[in-house]
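# Structural overview for review
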Amino acid sequence: MLPDAEDQPLVDCRNVSVRFGGQSILSHIDLRIDHGQTLAIIGESGCGKTVLMKTIAGLIRPTAGEVVFDGHDLHQLTPAELAQTRRRFGFVFQNAALFDSMNIFDNVAFPILQHETASDDEIAVRVMEKLSEVGLPSEVAGKFPAQLSGGMRKRVGLARALILQPELVVYDEPTTGLDPIMSDVINELILATRRRYPVTSVIVTHDMQTARKVANRVVMLYPRTRLQPGESQVLFDGPPSDLDHADDRRVRQFVRGEAGERIDELMRQTAAVSHAWAGDSAD
Amino acid sequence: MAGVTYRDDLPAGEARPSKLSHWVTDWGGIVIDGVSTVGDIAIFAYRMFAWMFTRRPARGTILNNFYQVGVLSLPVVALTGTFIGMVLAVQSHRQFQMIGLENRLGAVINSSLVRELGPVLAATMLAGRVGGAIAAVLGTMRVTEQIEALTIMGADPIHYLVVPRFLACILLIPALTIMADFMGIVGGYFYSVIVLGIDHAAYLQNSSDHVSGFDLFSGLLKSFFFGGIIAVVSCYRGFNCQAGAEGVGQAATAAFVMSFVLILGIDLILNILLDAFYYTIWAPE
């Protein structure tokens, strides 16, 4: 019997592995993301969380395994089908990735022009409405990205990602580089979006404030190079409230921001490199 | 390509890699990298042509690129052409005077300009001005994830960014070559006739006797190829830009150097082919 559409996850990563050259970044990741879920992917820098997020969005082709979006393997779709499927995605980039050559209005209107035929008036109404939803005044519409602050650019990026009312919104480090107040503004905007319509969200972050406040599920990844043989790269998968009591010490350390034995590891690595250099010089 | 790492802890009896094997490995790596880059550029160009004949680019992107490549390059190309014409007059005058052929100056200046110097110098200027700018802009877009943003919003970056630039280069670089030729002819005439005092009628007569329509055709045909090379190489370098300001700088430099070398290489091949074609069709009896 075919599974009920409601039971089917929106995104299903099945045994996904990604390698760049000789370097393994992700190994055998299984991850189901249900409709309406807000998932935070956390982990230290270099653990592969951004690669996982880009693989989910179809920007990186997995070396092995498959990424199924609403029943379709993203990497088996034709370019035209993939472009059409991407209409259902919204992506908020770490540094907003606004087009420098376009003003804010054209940036936010870009997805509409790519996917729909709408009159100029209709586009104007929708763009202004979306800018207002993210708390930006209409005056910014005529400005260029370089004329805005980091927080404003992030909000424009959010408006652009939401303009087509996507089913899946992916946020890459939405609060990185912002002051605490602006970080909370972004968190509130993510929550407001979820309240406004039933969106599924994936947030890549190492800001625990964001993970705790916004997500209803947290997945923690660990760098491949530092795993023990046979260990899963996903160290934690559960609600944010369980983070502090996680069985794995590395999860608790990350959540509390404790260096722990990492400082010793780094010192040992530095000493090994210095030793190798000294050996080379002696030769 | 990383060099071979010599190890001191090799098991007894195992031969240490010789300098020859080190040399072979390094050169082998360079050859493999070169072949791989040529393959990548071919795939990139194939995807561009596939898009070019599938869907017309947006009017806004075409006009903007035509303006950037054509209109903004016009002054520098015109100025370069004028100086080249005058320099040719200065350089050739003394030699031609020594053998009493200074009235033939128009023939040598104008035929060199139209066949060779106009197209090659215009292309060189544009490889620096346009090619460097294309690589830097696309490289910055790559580094700041704007190219990924285009993809995620359903716009193919090759269709949106590369096709309009390619069209601008292959259509406007020949037009700019005509401008460089024209200004070179004017500059050469000015220096020869006004400054050096060569007879006006003889200069023009010799020019018209020795510069044929085929010379003009061969110069313009070459400029189409040069335009294509500049666009494909610069866009490819921009798309494959490494992270950071240094990556963008390297992409711009590599785009210019690679375009320049390819322009000269293709120039040689086209000259051989055009010469063979000319003498096959209009072979002297």
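Residues numbered from 1 in each chain as written. Chains lettered and ligands numbered in written order. Predicted model: local features only at pLDDT ≥ 70, side-chain atom pairs only at ≥ 80, totals over all residues. Heavy atoms only, no water.

Per the secondary structure count, chain B includes nine helices and zero strands. The order of α-helices and β-strands along chain B, N terminus first, is α-α-α-α-α-α-α-α-α. Whereas a compact globule of 285 residues would reach a radius of gyration of roughly 19 Å, chain B reaches 24 Å, over 25% beyond that. Projected onto its principal axes, the C-alpha coordinates of chain B cover approximately 85 × 55 × 40 Å. When the 285 residues of chain B are sorted by exposure, 43% land in the buried category. (Helix = DSSP H or I, 4+ residues; strand = E, 2+ residues; numbered from the N terminus. Rg over C-alpha atoms; globule rule 2.2 N^0.38 Å. Buried < 20%, exposed > 50% of the residue type's maximum accessible area, 1.4 Å probe, protein only.)

All right, on to the sheet that holds strand S7 (residues 168-172) of chain A then. All names here are of chain A. Strand order in the open sheet made by the six strands is S6-S7-S8-S3-S9-S10, with mixed pairing throughout. The open sheet has two free edges, formed respectively by strand S6 (89-92) and strand S10 (234-238), since each of these has just one partner strand. Across the sheet, the mean angle separating the axes of adjacent strands is 15° when strand polarity is ignored. Strand direction decides the pairing type here: S7 and strand S8 (residues 200-204), joined by five bridges, are parallel. Residue pairing across strands places Val 169 opposite Ser 201, the latter belonging to S8. (Pairing = 2+ DSSP bridges. Axes fitted to C-alpha atoms, helices over the stretch in contact; angles between N-to-C directions.)

Turning our eyes to something else, we now look at helix H7 (residues 200-210) of chain B. Helical geometry note: an α-helix holds 3.6 residues per turn, so side chains three or four residues apart project in the same direction. Residue and element names in this part refer to chain B. Taken as a whole, H7 has its buried residues at Ala 202, Tyr 203, Asn 206 and Ser 207. Down the axis of H7, the buried side of the element spans an arc of 130°, and every buried residue falls inside it. In this structure, the buried residues of H7 make contact with helix H4 (105-143) and helix H6 (157-195). (Arc of directions from axis to C-beta. Contact = heavy atoms within 4.5 Å.)

Time to look at the state of the cysteines. This structure, assessed with the given rule, holds zero disulfides over all chains. Unpaired in this structure, B:Cys169 has its nearest cysteine sulfur neighbour in B:Cys235, at a distance of 7.2 Å. (Disulfide = S-S within 2.5 Å.)

When you line up the elements, A:Arg86 lands in the loop between helix H2 (79-85) and S6. We note that A:Arg86 is buried and unpaired, the nearest opposite charge coming from B:Asp156 at a distance of 7.3 Å. The residues contacting A:Arg86, other than those within four sequence positions of it, are A:Ala57, A:Gly58, A:Leu59, B:Thr151 and B:Ile152. (Lys, Arg positive; Asp, Glu negative; His and termini not counted. Salt bridge = Lys/Arg side-chain N within 4 Å of Asp/Glu carboxyl O.)

The predicted structure's coordinates, where accompanied by low pLDDT, should not be read in detail. Residues and elements named next belong to chain B. In this model, chain B carries a mean pLDDT of 87, and residues with pLDDT of at least 70 account for 93%. pLDDT under 50 marks residues 1-9. Its contacts with residues more than four places away, or in other chains, come to 17 contacts. Predicted complex metrics record ipTM = 0.82 and pTM = 0.82. (pLDDT = per-residue confidence, 0-100.)

What follows deals with the environment of A:Val185. Tracing the backbone shows A:Val185 in helix H6 (residues 180-196). Along the chain, A:Val185 and A:Val134 lie 51 residues apart, while their C-alpha atoms are 9.2 Å from each other.

A few words on the interface of chain B and chain A. Accessible area lost during the coming together of the parts is what is often quoted as the interface size. Listed as interface residues are 14 residues of chain B and, on the opposing side, 21 residues of chain A. Summing both sides of the interface, chain B and chain A together bury roughly 1500 Å²; the carbon and sulfur share of this comes to 61%. At the junction of chain B and chain A, the tally comes to two salt bridges. Of the charged contacts, one joins A:Lys54 and B:Glu145 as a salt bridge, the two residues approaching to 2.9 Å between their closest N and O atoms. Our count for the contact surface shared by chain B and chain A stands at four residue pairs in polar contact (both at pLDDT 80 or more). Counting residues per element, the side of chain B that touches chain A draws most heavily on helix H5 (residues 146-152) of chain B, at six residues. In terms of residue class, the side of chain B that touches chain A is built from seven nonpolar, four polar and three charged. (Buried area = accessible area lost by both parts, 1.4 Å probe. Polar contact = N/O pair within 3.5 Å; in protein donor to acceptor, adjacent residues only side chain to side chain. Nonpolar A, V, L, I, M, F, W, Y, C, P; charged D, E, K, R; others polar.)

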